[in-house]
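Examination of the molecular architecture
Listed here are the chains, written in short residue letters.
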Amino acid sequence: MTDRPYVTVSCAVSLDGYLDTARPPKLALSNAADFDRVDDVRARHDVILVGARTVRRDNPRLLVRSAERQDRREAAGKCRTPWKATVTSTGDLDPGANFFTLGDTLKLVYCPRHRHARLADLLGEAATVVPLGDDVRMTDLLADLGERGVRRVMVEGGGRTLTQFLANGLADELHLAVAPFFVGDENAPRFVGEGAYPWTSDSRAALVEARPIGDVVLLRYALSDRFGGFP
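For the structure given in this document, a descriptive report is provided here. (Residues numbered from 1 in each chain as written. Predicted model: local features only at pLDDT ≥ 70, side-chain atom pairs only at ≥ 80, totals over all residues. Heavy atoms only, no water.)

Before going further, it helps to spend a moment on the nonpolar core. Ranked by internal contacts, the top residues of the largest apolar core, which has 32 residues, are Val9, Tyr110, Leu141, Val153 and Phe165. Only β1 (6-13), β2 (47-51), β3 (83-87), β4 (107-111), α6 (138-147), β6 (152-157), α7 (159-167) and β7 (173-178) provide two or more residues apiece to this core. With sequence-adjacent residues up to four places away left out, Leu141 is seen in contact with Leu49, Val87, Tyr110 and Leu132. Within the second largest apolar cluster, 15 residues are counted, among which are Leu93, Phe99, Val109 and Val129. (Core = buried A, V, L, I, M, F, W, Y, C linked by side-chain atoms within 4.5 Å. Buried < 20%, exposed > 50% of the residue type's maximum accessible area, 1.4 Å probe, protein only. Helix = DSSP H or I, 4+ residues; strand = E, 2+ residues; numbered from the N terminus. Contact = heavy atoms within 4.5 Å.)

Right, dumping it as structure tokens:
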């Protein structure tokens, strides 16, 4: 898929590799300066994608918060905040979630074809529901986004979605913010699950940046030969 959108995987983890605690409320892994960095990265993409479990568990807004960055996008002929996308296998989504109700932008929901009619009825005008076959494959999802003119996709989680993109070699770069503490709970969600990842001890990912941001460290990796077009 040489013409697929450029994919940036972005997340924050604890020192022991967790994305969150096992129970609400949502764990804040980053600090204010790193949240602002993420806002800037969001503003440079066309779509922000998360899994349906993240929509249910975290109720994220997935918006560009800075008015200056919104103005810059608008001046470039773009919507003020990127499109939102999520992917679900079960169709278990709440049309009242922040994902659907906040932000004047396109919301896309990818699902298996047998979930399409029910989801379209449930969500109505709150989102565009896109069926992708008997199972949802991220290659098909990216192909659909590419056909819609999307050039850059930012994938923010959760663990299952991150695993699917990384294990299938569909990410071009990884932004990993490491928080200075441990979670220490085996029931908490981890960064990724089991998979046959392209990067192994014999084929290492290329570290292109390591930057302290307050007490958080940003690790940025080049994951494909398409890396380099995103400063």
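Moving on, there is more to tell.
The mixed open sheet is built from nine strands, whose spatial order is β5-β4-β3-β2-β6-β1-β7-β9-β8. In this open sheet, the two strands that pair with only one neighbour each are β5 (128-131) and β8 (206-213). Adjacent strand axes in the sheet meet at a mean angle of 20°, parallel and antiparallel pairs treated alike. As judged from the four bridges shared by β3 and β4, these two strands associate in the parallel manner. Each bridged residue has a counterpart across the sheet, and for Val87 the counterpart in β4 is Tyr110. On the sheet, helix α5 (residues 116-123) packs against β4 and β5 and is oriented at approximately 175° with respect to β5. Docked against the sheet, α7 engages β1, β2, β3 and β6, running at close to 135° with respect to β6. (Pairing = 2+ DSSP bridges. Axes fitted to C-alpha atoms, helices over the stretch in contact; angles between N-to-C directions.)

Take the environment of Cys111 next. Along the chain, the position of Cys111 falls in strand β4. Distance in space between the C-alpha atoms of Cys111 and Arg73 is 29 Å, their sequence separation being 38 residues.

Approximately 310 Å³ is the volume attributed to the second largest pocket. What lines the second largest pocket is a set of 17 residues, among which Ala43, Arg44, Asp46, Arg73 and Lys78 lie closest to the centre. The set of elements that each furnish at least two residues to the lining of the second largest pocket consists of α1 (32-43) and α3 (67-75). It is α3 that provides the largest number of residues to the lining of the second largest pocket, a total of three residues. Of the residues that constitute the lining of the second largest pocket, the class distribution is five nonpolar, two polar and ten charged. (1 Å grid on protein atoms, 1.4 Å probe; cavity = no way out; pocket = protein on both sides within 12 Å on 5 of 7 lines; lining within 4 Å. Points joined across faces, edges and corners; volume = space filled by probe spheres on them. Nonpolar A, V, L, I, M, F, W, Y, C, P; charged D, E, K, R; others polar.)

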